[in-house]
Amino acid sequence: MLLAHASVLTEARSNLAALADTAPSIDASSAYEHVLITLDRLHDDQSPALNSARHHRDREALVRDTVIALGSLADLGVDALDVELLLSMLAAARAIERA
Amino acid sequence: MYAENGTKLRTGLAELLRQHRIQHRIGGRGLYTVPETTSRAERAELGRLILTYRQGVLVWCRDTAHAIDPYVVSNVTHLPPNPFVPAERDLGPLDSLKRALDATTDASNAPMPTLEDLTKRHPLPFVETWRHVARAAALSEHDINQSPGQRALTVQQALAVAGDIAAISQALIVLDRRYRNIPEWEPLRSPTQLGWAALACAADANLGAPDFSVDEHGWRPPVKLMRGPPRLGLLGALQSEHNLLVRLGTYPSALNLRLVVDSQRMISAGLADRAATVDPRLSEAWHRRAHTYGLLQRQLRNVGSLLGKGGLAAAEGANALSRLRAVPADVRPEPHLLAAFATLFARIDERIADIVDDSLQRGQLVERIQARKLDASTSKLIHQTQATFIPVTGPMATRLRAICRHRLRPGQSQTAAEAAELASRAELHAALVHEPQRRSAGPSMHL
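This structure is a prediction, so every number in the text was calculated from the model and none was measured. (Residues numbered from 1 in each chain as written. Chains lettered and ligands numbered in written order. Predicted model: local features only at pLDDT ≥ 70, side-chain atom pairs only at ≥ 80, totals over all residues. Heavy atoms only, no water.)

Considerations on the confidence of the model for chain A
Next, step 1: When the pLDDT values of chain A are averaged, the result is 91; 96% of them are 70 or greater.
Next, step 2: Mean pLDDT in chain A bottoms out at helix H1 (residues 3-21) of chain A, which sits at 91, and peaks at helix H2 (residues 26-42) of chain A, which reaches 96. (pLDDT = per-residue confidence, 0-100. Helix = DSSP H or I, 4+ residues; strand = E, 2+ residues; numbered from the N terminus.)

Observations regarding the interface of chain A and chain B
Next, step 1: Each partner contributes to the interface: chain A provides 26 residues, whereas chain B provides 30 residues.
Next, step 2: For the pair chain A and chain B, the summed buried surface comes to about 2500 Å²; carbon and sulfur atoms form 51% of the total.
Next, step 3: For the chain A face of the interface with chain B, the top three residues by lost area are Leu3(A), Ile26(A) and Asp45(A), together amounting to 27%.
Next, step 4: Linking chain A with chain B are seven salt bridges.
Next, step 5: A salt bridge links Asp40(A) to Arg258(B); its shortest N-O distance comes to 2.7 Å. (Contact = heavy atoms within 4.5 Å. Buried area = accessible area lost by both parts, 1.4 Å probe. Salt bridge = Lys/Arg side-chain N within 4 Å of Asp/Glu carboxyl O.)

A look at the packing of aromatic side chains
Both the distance between ring centres and the angle between the ring planes are used here to describe each pair of aromatic rings.
Residue and element names in this part refer to chain B.
Next, step 1: Under the defined criterion, the tally for this structure stands at five aromatic pairs over all chains.
Next, step 2: Note on tryptophan 286 and phenylalanine 345: the rings are 5.2 Å apart at their centroids and 75° apart in plane angle, and the pair reads as edge-to-face. A residue pair is termed long-range when its members are at least 10 positions apart, and tryptophan 286 in helix H11 (residues 280-300) and phenylalanine 345 in helix H13 (residues 335-362) qualify at 59 residues. An identical accessibility class is assigned to tryptophan 286 and phenylalanine 345; each is buried.
Next, step 3: Ring plane angle 50° and centroid distance 5.9 Å describe the contact between phenylalanine 341 and phenylalanine 345, whose orientation is recorded as tilted. Of this pair, phenylalanine 341 and phenylalanine 345 both sit in helix H13, four residues apart, roughly one helical turn.
Next, step 4: We classify phenylalanine 341 as buried; its relative accessible area is 0%.
Next, step 5: For phenylalanine 345, a relative accessible area of 2% translates into the label buried.
Next, step 6: Site record: aromatic cluster; members linked through ring pairs are Phe126, Trp130, Tyr179 and Trp185.
Next, step 7: Between the NZ or CZ atom of arginine 351 and the centre of the ring of tyrosine 251, over which it lies, the distance is 5.3 Å.
Next, step 8: The positively charged end of arginine 362 is found above the aromatic ring belonging to tyrosine 251, 4.2 Å away from the centroid. (Phe/Tyr/Trp six-rings, centres within 6.5 Å; stacked < 30°, edge-to-face > 60°. Buried < 20%, exposed > 50% of the residue type's maximum accessible area, 1.4 Å probe, protein only. Lys NZ or Arg CZ within 6 Å of the ring centre and 35° of its normal.)

Dropping the structure here:
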């Protein structure tokens, strides 16, 4: 894995972990957790560790940054269909959170 | 399981130790008011049957003493002060007991009990008790042995078994002396040597703190999957939880473990809400369980693995969650169903704690490392990450083990079964030294 890919993956993972930790309901937390697990599965569980220094941001900014990070994975060799699936799961998690 | 068979072995021997006037019990001449009901030849035949049962117990003692030998470190072993000087191989108390048991078993001419001897009910209660003891010894052979796949014993667990063997050997010596008037009875060879060796072994075992969790070792009936169509309502979720426990028999990969943990978190929270009106204490416990799995989930995000499967376990967890969600929220769960969930949850918690503990110990779970920042000072055009995982040590391992020890396996209260197992040990020791009620002056207890 190239460093640029690892860096984007770290950001996406850290944001998803922060979203899961701060979710208002356990259902939403689980939904974000599943996005994170699916992301790791796409990378054969070879992902880098979380970066816990970036957690203190508002949720809208976290979601926005996560969407950008996940979208940029397509440019780094991840299948575009898998990226769409991740974005769809993220949108579903967001919907559960707002419900 | 050793708990079950060991308890039967000890309680049976304790019962036999409390029985005196043996001739009377096998139909011989007792008090002047009790007529003789069996002939001498019949009593000799009964004696031969009891000898085969005794041989079964002796062989169990001998084989188990050999099986635990690799794990036993005597409490009276003196190590040399210089660690570079090898310790002298003194014969420990267990070695002496092994030798004495070898000699006694080899010198005995009695055959091992046949399957018919072990399974056919005997009309005399006295012989029937012996049959139960011999059967427990036969069944216990596959509880503690050196066959592949058996979990290794700790030193304290092995010492607990050594104490059991010593007590049972002592019981056989006491009974042997009491039965010497049975026609054609074959006494034990050199019982004094066996008795002293057993005494030394028992004293050695009790110098430390024997660990009676050894009772959990041994063969258990295999748990089967509940196949077939999903049951209706909450029973369907219970069916999947049961299957999940069975599927967790194999070690899951880190990803699948995270899925299982997530499913348990969600199921606990969902059931806690439903149980709030039926059993508030259970509801509170399940909210705590959901929180525990949330904590475990956070720690596992930074853990990966290169080995393990567990896809079927993750699927069963997802099944359980989807079946629980399909049940309308206003359905009031029955108390016995909640109790079944509580039992399964306890076993799943224990299994997951075992998986995490063992995986950490074996290096199956590894810790992710942070991605390095781009280093512009080097001339390399392509920057790759050098390593992905490192062994789980330090704070991460401490946190995971703390969750397992303090939350998934909290101080388990002693169950009634565990109390019975411990009581059976005390009962056997009490029976070894008990004295019958005396009718008149004079010794009647033979040791």
